[in-house]
Amino acid sequence: MSKLILIDGNSIAYRAFFALPLLSNSSGLHTNALYGFTTMLLKLLEEQKPTHFLIAFDAGKVTFRHTQYAEYKGGRSKTPPELSEQFPVLKDLIRSFGIAQYEQEGYEADDIIGTLTRLADESGDMEVIVVSGDKDMLQLASDKVKIAITRKGISEVELHDPALIKEKYGLVPKQIIDLKGLMGDTSDNIPGIPGVGEKTALKLLHEYETVEGVLSHADELKGKMKEKVVEHADSARMSKELATIFRNMPLEKTWDELVYQGYDGPTLGTMFRKLEFKSLLEKMDFSGSEGAGDLPPKADIQTVEVDDNRVDELVAVLPQVTALHIEVVGDNPHHGEIIGLALLAGDTCYYVPFALVQQGEASAKLRDWLETADKSVAVYDQHRAEIALAWAGIHLRGVSFDALLAGYLLDPTESALWLSGLAAKYGLPTLPADEEVFGKGAKFKVPETAILSEHLCRKVTAIQGLIEPMKRDLESNEMHQLFYELELPLAGVLASMEKKGIQVDTAALKQYGAELGAEIERIVNAIYEAAGTEFNLNSPKQLGEILFEKLQLPPVKKTKTGYSTDAEVLEKLEPHHPVIGHILLYRTLAKLQSTYVEGLLKEVRPETGKVHTYYKQTIAATGRLSSQYPNLQNIPIRLEEGRKIRKVFVPSQPGWSILTADYSQIELRVLAHISQDERLMEAFVNNMDIHTKTAMDVFGVAESEVDSNMRRQAKAVNFGIVYGISDYGLSQNLNITRKDAAAFIEQYFAVFQGVRKYMDDIVQKAREDGYVTTLLQRRRYLPEIKASNFNLRSFAERTAMNTPIQGTAADIIKLAMVQMDERLKKEKLRSRMLLQVHDELVFEVPEDEIETMKVLVPQVMESALKLDVPLKADVDSGLNWYEAK
DNA sequence: TATCTCACG
DNA sequence: ACGTACGTGAGATAG
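Residues numbered from 1 in each chain as written. Chains lettered and ligands numbered in written order. Predicted model: local features only at pLDDT ≥ 70, side-chain atom pairs only at ≥ 80, totals over all residues. Heavy atoms only, no water.

A. Spatial organisation of the overall build of chain A. What chain A contains, in helices and strands, is 36 helices and 23 strands. What you see for chain A is a C-alpha radius of gyration of 31 Å, in line with the 29 Å of a compact globule of 885 residues. The C-alpha extent of chain A, read off along each of the three principal axes, is 90 × 80 × 55 Å. For chain A, the proportion of its 885 residues judged to be buried stands at 53%. Long-range contacts, defined here as pairs at least 24 residues apart, represent 66% of the contacts in chain A between residues at least 6 apart. Taking the average location of the 101 positive side-chain charges in chain A and that of its 129 negative ones, the two points are 2 Å from each other. (Helix = DSSP H or I, 4+ residues; strand = E, 2+ residues; numbered from the N terminus. Rg over C-alpha atoms; globule rule 2.2 N^0.38 Å. Buried < 20%, exposed > 50% of the residue type's maximum accessible area, 1.4 Å probe, protein only. Contact = heavy atoms within 4.5 Å. Lys, Arg positive; Asp, Glu negative; His and termini not counted. Charge placed at Lys NZ, Arg CZ, Asp CG, Glu CD.)

B. Layout of the sheet that holds strand β14 (residues 610–611). Taking strand neighbours across the sheet as the criterion, the three strands line up as β14-β13-β17 in an open arrangement whose pairing is antiparallel. Two strands bound the open sheet, and with one partner strand each, they are β14 and β17 (649–650). Bridge analysis of strand β13 (residues 502–504) against β14 gives two bridges, and the strand direction is antiparallel. Its bridge partner being in β14, I502 is matched across the sheet by V611. (Pairing = 2+ DSSP bridges.)

C. Expanded view of the packing of aromatic side chains. Across all of its chains, the model carries 13 aromatic pairs by this definition. Look at F719 and Y723: their rings are 6.0 Å apart centre to centre, the planes differ by 55°, and that puts the pair in the tilted class. Residue F719 and its partner Y723 are located together in helix α31 (residues 708–723), separated by four residues, close to a single helical turn. Relative accessible area serves as the criterion here: at 42%, F719 is assigned to the partly exposed category. Overall, the relative accessible area of 49% leaves Y723 in the partly exposed class. Geometrically, the ring pair formed by Y748 and F749 is edge-to-face, given 5.8 Å between the ring centres and 75° between the ring planes. One aromatic cluster is present, built from ring pairs that chain together F401, F483 and Y484. (Phe/Tyr/Trp six-rings, centres within 6.5 Å; stacked < 30°, edge-to-face > 60°.)

D. Just the UniProt feature "domain: DNA-directed DNA polymerase family A palm" (unreviewed entry) in chain A, in detail. Residues annotated in UniProt with the feature "domain: DNA-directed DNA polymerase family A palm" (unreviewed entry) correspond here to residues 642–849. For residues 642–849, the helix share is 59%, the strand share is 12%, and the end-to-end C-alpha distance is 30 Å. (UniProt positions renumbered as here; feature names shortened; annotations may be inferred.)

E. Inspection of helix α11 (residues 233–243) at higher detail. The complete set of buried residues in α11 reads A233, S235, A236, S239, K240 and A243. Viewed end-on, α11 has its buried residues packed into an arc of 160°, placing them on one side of the element. Turned more than 90 degrees off the buried face of α11, the exposed positions are D234 and E241. Looking at the packing, one finds that the buried side of α11 touches α7 (175–183), α9 (211–216) and α10 (223–231). (Arc of directions from axis to C-beta.)

F. Focus on the state of the cysteines. Counting across every chain of the model gives one disulfide. Sulfur-sulfur distance for the disulfide between C349 and C457 comes to 2.0 Å. Here the disulfide of C349 and C457 is left-handed, its torsion about the S-S bond being about -80°. Of this pair, C349 sits in strand β10 (residues 348–353) while C457 sits in helix α21 (residues 449–476), placing them 108 residues apart in sequence. The exposure class assigned to C349 is buried, which follows from its relative accessible area of 0%. (Disulfide = S-S within 2.5 Å.)

G. Focus on the domain arrangement of chain A. Split by domain assignment, chain A resolves into domain 1 (2–169 + 245–258), domain 2 (290–500), domain 3 (503–611), domain 4 (621–677 + 752–885) and domain 5 (688–751). Inter-centroid distance (C-alpha atoms) of domain 3 to domain 5 is 33 Å. (Domains from an automatic or database assignment.)

H. Seen up close, the sheet that holds strand β22 (residues 840–845). Reading across the sheet, the four strands line up as β21-β22-β18-β23 and stay open at both edges, with antiparallel pairing between neighbours. Of all strands in the sheet, those with a lone pairing partner are β21 (832–836) and β23 (873–878), marking the two edges. When strand polarity is set aside, the average angle formed by the axes of neighbouring strands in this sheet is 20°. Pairing geometry for β21 and β22, over four bridges, is antiparallel. Looking at β22, one finds that R832 is bridged to E844. Against the sheet, helix α22 (residues 480–500) contacts β21 and β22, and its axis sits at roughly 95° relative to β21. Sheet contacts for helix α35 (residues 790–826): β18 (657–663), β21 and β22; angle to β21, the most-contacted strand, approximately 165°. (Axes fitted to C-alpha atoms, helices over the stretch in contact; angles between N-to-C directions.)

I. Highlighting the pairing of β21. The buried count for β21 comes to four of five residues, which makes it a mostly enclosed element. Counting the residues in the hairpin turn of β21 and β22 gives three residues, including H838, whose phi is positive at 65°.

J. Summary view of the packing of helix α29 (residues 678–685) against helix α30 (residues 690–699). One way to put it is that α29 packs onto α30 with a least axis distance of 10 Å and a crossing angle of 140°. Here α29 is positioned oblique relative to α30, judged by the angle of their axes. You can see that α29 and α30 cross each other, and the crossing is right-handed. The segment α29 lies against α30, with R679, L680, E682, A683 and F684 engaging I690, K693 and D697. Taken together, the residues that form the contact of α29 with α30 break down as four nonpolar, no polar and four charged. (Parallel < 35°, antiparallel > 145°, perpendicular 65-115°, else oblique. Left-handed = near helix turned anticlockwise from the far one by under 90°. Nonpolar A, V, L, I, M, F, W, Y, C, P; charged D, E, K, R; others polar.)

K. Structural detail: the environment of R669. One can find R669 in helix α28 (residues 666–675). Taking relative accessible area as the criterion, R669 reaches 3% and is therefore assigned buried. Residues R669 and M861, spaced 192 residues apart in sequence, show a C-alpha to C-alpha distance of 14 Å. If we skip the residues at most four places from it in the chain, R669 touches S664, F684, N687, L867, V869, P870, L871 and K872. Among the polar contacts listed, one links the side chain of R669 to the backbone oxygen of S664, at a separation of 2.8 Å. Within polar-contact distance, the side chain of R669 engages the backbone oxygen of P870 at 2.7 Å. (Polar contact = N/O pair within 3.5 Å; in protein donor to acceptor, adjacent residues only side chain to side chain.)

L. Quick look at the confidence of the model for chain A. A residue-level look at chain A finds 91% of positions with pLDDT of 70 or above and a mean pLDDT of 87. Below pLDDT 50 for its whole length, residues 288–298 participates in nine contacts with residues either more than four positions away or in separate chains. (pLDDT = per-residue confidence, 0-100.)

M. The arrangement of the side chain of T622 in detail. Relative to the assigned elements, T622 resides in the loop between β15 (614–616) and β16 (626–628). In this structure T622 comes out as buried when scored by relative accessible area, which is 6%. At 2.8 Å, the side chain of T622 forms a polar contact with the side chain of Q806. For T622, the contacting residues outside a window of four places in its chain are R778, R780, N802, T803, Q806 and G807.

N. View of the pairing of strand β2 (residues 52–56). By the criterion of burial, β2 is predominantly enclosed, with five of the five residues buried. Neither face of β2 is open: one carries H52, L54 and A56, the other F53 and I55, and all of them are buried. In this sheet, strand β3 (residues 100–102) lies alongside β2 in parallel orientation, the contact comprising three bridges. The residue bridging L54 from the neighbouring strand is A100, located in β3.

Below is the structure:
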């Protein structure tokens with residue numbers, strides 16, 4: 001009996017590339033997608049021992065019927081993979097495995113698989129396993145054909161035979177087509193019958209067997225269901241047809257060509273080295289291949305579960321501890337529960353339940369040890385651990401290395417900075433993802449002690465294993481100083497700001513909410529009246545129908561799913577109908593109410609009336625911080641109505657004040673410094689209004705001739721410059737034609753020639769190096785700068801221009817924060833730093849320190865980093881955040 | 001969970 | 001011809 005493995009290449013490649021977080025190696029290849037594919041192949045070869053093997057692709061193109069690829073174009077959470085450039089590598093990989101590949105003009109992978117499985121069914125001496133991510137394939141199952149459907153990306157498969165399909169769905173394989181016919185499949189653009197999901201479809205099929213059966217018995221159905229079935233009968237028939245896999249294509253391959261003879265070790269080894277699959281290279285030992293990885297020997301780690309009786313044993317080895325892991329559950333460490341600690345000393349890992357740390361005299365020494373600065377331990381995510389420990393009254397100190405922070409600096413766009421991901425990247429022993437051990441989200445569960453201690457010990461061992469290689473990488477990227485003198489100390493500064501929190505006047509906030517509520521109600525009624533009907537104003541879909549169908553207003557632009565109703569569109573429609581103004585006002589007020597009144601109130605601690613934001617130090621690709629739970633970096637200010645919210649942020653003690661200090665034009669000053677543009681530098685050296693100065697130079701007029709419109713346009717150009725200018729972007733912003741925008745830009749560059757040179761040079765440099773850096777050597781890789789796709793490449797070019805500017809500004813304020821923290825301590829001031837908003841710092845200060853702080857804060861901020869132009873910080877204070885403007 | 005919208009620098 | 005300004009987080013809807 002022969003055994004054939006048939007892989008649906010398009011569906012599996014789709015899952016490998018899109019369902020996983022994206023990792024790239026040094027050549028910009030998405031290694032984890034390729035790695036996933038590789039481990040799947042290895043597993044199949046080992047477990048199934050196939051005699052025949054084929055991977056089928058859609059003909060001649062990398063197309064997925066799924067919509068996700070298009071979404072990457074506009075997505076901002078992940079960098080779009082240049083799949084067309086990755087795909088050939090995937091094919092090379094398959095070739096180095098010695099596996100046959102097949103595509104045929106005019107046919108899809110489905111058709112190839114459908115036809116081959118039919119032939120196998122007919123011949124009777126060929127057993128087939130079809131591997132796909134697509135449940136459609138289940139229709140092909142038979143005595144001879146089993147269908148493996150991937151789960152969790154592609155790391156696991158579930159093998160379906162007709163019996164399992166019967167068990168799961170109560171259907172025979174052929175009825176899968178009928179199932180799709182009734183329920184449809186959005187990802188495949190199969191409509192089915194609207195409103196019929198899997199549950200209903202199965203019920204109908206159990207009763208009537210096929211789509212035709214259901215349709216001919218439609219009169220037996222009841223109510224809504226009957227209407228839908230009758231109305232969409234044609235859609236159901238067509239959907240069934242679409243879901244049916246074609247099984248009769250003319251095949252140009254013979255069985256002989258599918259015979260699998262195994263892979264050639266050296267060939268596969270070379271491929272793995274190219275892809276930097278270090279752990280696989282080590283594990284598989286390709287004889288005849290050269291240059292095995294330089295991985296540290298795997299230490300055999302002993303696990304000790306510490307209980308009351310064994311605390312002394314642990315205390316005795318504390319001086320030898322080199323790595324520490326503190327497991328904090330949940331997304332928000334301010335609410336986080338610590339479930340356990342793992343300490344690594346030599347080749348022994350000690351697991352300590354956190355309850356043991358919190359109470360009892362025996363563990364007082366352990367607490368002292370956590371708090372002593374006189375130690376040097378490595379951790380993963382010091383910031384998070386420090387917050388959680390602070391709430392338990394323990395002040396963590398003595399952290400000398402943080403694997404998360406190091407991973408972020410080495411690649412700030414990396415989304416897989418999980419410890420398990422870092423371990424894999426550095427070829428350390430595989431580590432289960434936290435999700436696998438704990439579950440995720442609300443379903444979070446603490447596993448039994450044996451499993452927990454084992455997992456935490458694996459983690460702390462991984463941390464230990466990461467120290468040396470990551471330090472080497474930081475060193476070779478010249479990010480040593482950035483790491484040790486800026487980011488690592490900053491983690492502690494952030495933790496103390498967050499733990500301190502900021503006081504919220506909840507009574508005033510509720511009062512404001514009540515006023516908003518009354519006004520919103522009035523407006524909603526006015527809108528319903530004008531529209532002649534009630535509808536859900538918060539639904540863009542319903543609003544779109546009212547505006548563009550009922551009221552017949554002209555659609556301005558479309559979104560992927562329908563009419564756009566955003567503020568830009570509504571402003572254009574405002575003259576056409578009086579209701580539009582009301583809707584815009586409603587939007588403003590509703591945002592204030594839901595996000596800033598209700599949302600903020602949910603985050604206030606009832607015991608103290610404070611909110612404690614959580615700054616994430618390892619998210620933003622440019623080096624900025626981000627703020628969550630609540631986000632205090634987007635509190636309204638531009639419109640007076642929203643700005644009032646700032647009145648509820650007050651000092652935590654009577655008689656104190658809120659003091660704010662913000663950098664003036666920090667990004668343009670940074671640009672002046674790095675571009676060394678003469679005119680730009682001159683403007684800042686002479687402390688001129690930069691937008692006025694730009695207007696003077698671009699329009700060639702005297703200062704007295706610059707009107708407000710010229711200044712506004714100059715300001716937009718300056719923003720554009722910082723963002724990585726494009727004529728299209730500027731034209732949108734200024735509402736002018738693209739041609740005029742292009743002329744503006746050209747005029748700007750004619751005057752600010754140093755800026756033009758910087759923009760050209762930085763893009764060129766990014767092309768050569770593959771990355772750009774900030775003044776402090778923070779690095780961002782831009783693999784897509786070489787993409788052939790215009791959009792991807794243009795995006796990378798703008799990023800190359802913007803990141804050094806935005807990133808250096810981030811470096812500077814971070815430096816100021818660390819220095820400010822030191823100064824407050826050194827000068828023994830009672831004032832406290834509370835918030836950072838990208839170019840602004842917020843403090844609370846006692847009355848008698850206001851004058852001191854008004855001098856000290858700007859002084860520290862302005863001298864944080866010496867540039868060739870002066871830095872300027874404006875300071876103000878008041879009874880609340882609103883007054884301190 | 002994806003999409004749209006909108007708040008900030 | 002391509003069709004976006006750079007960087008974030010959060011709330012509501014809809015499927």
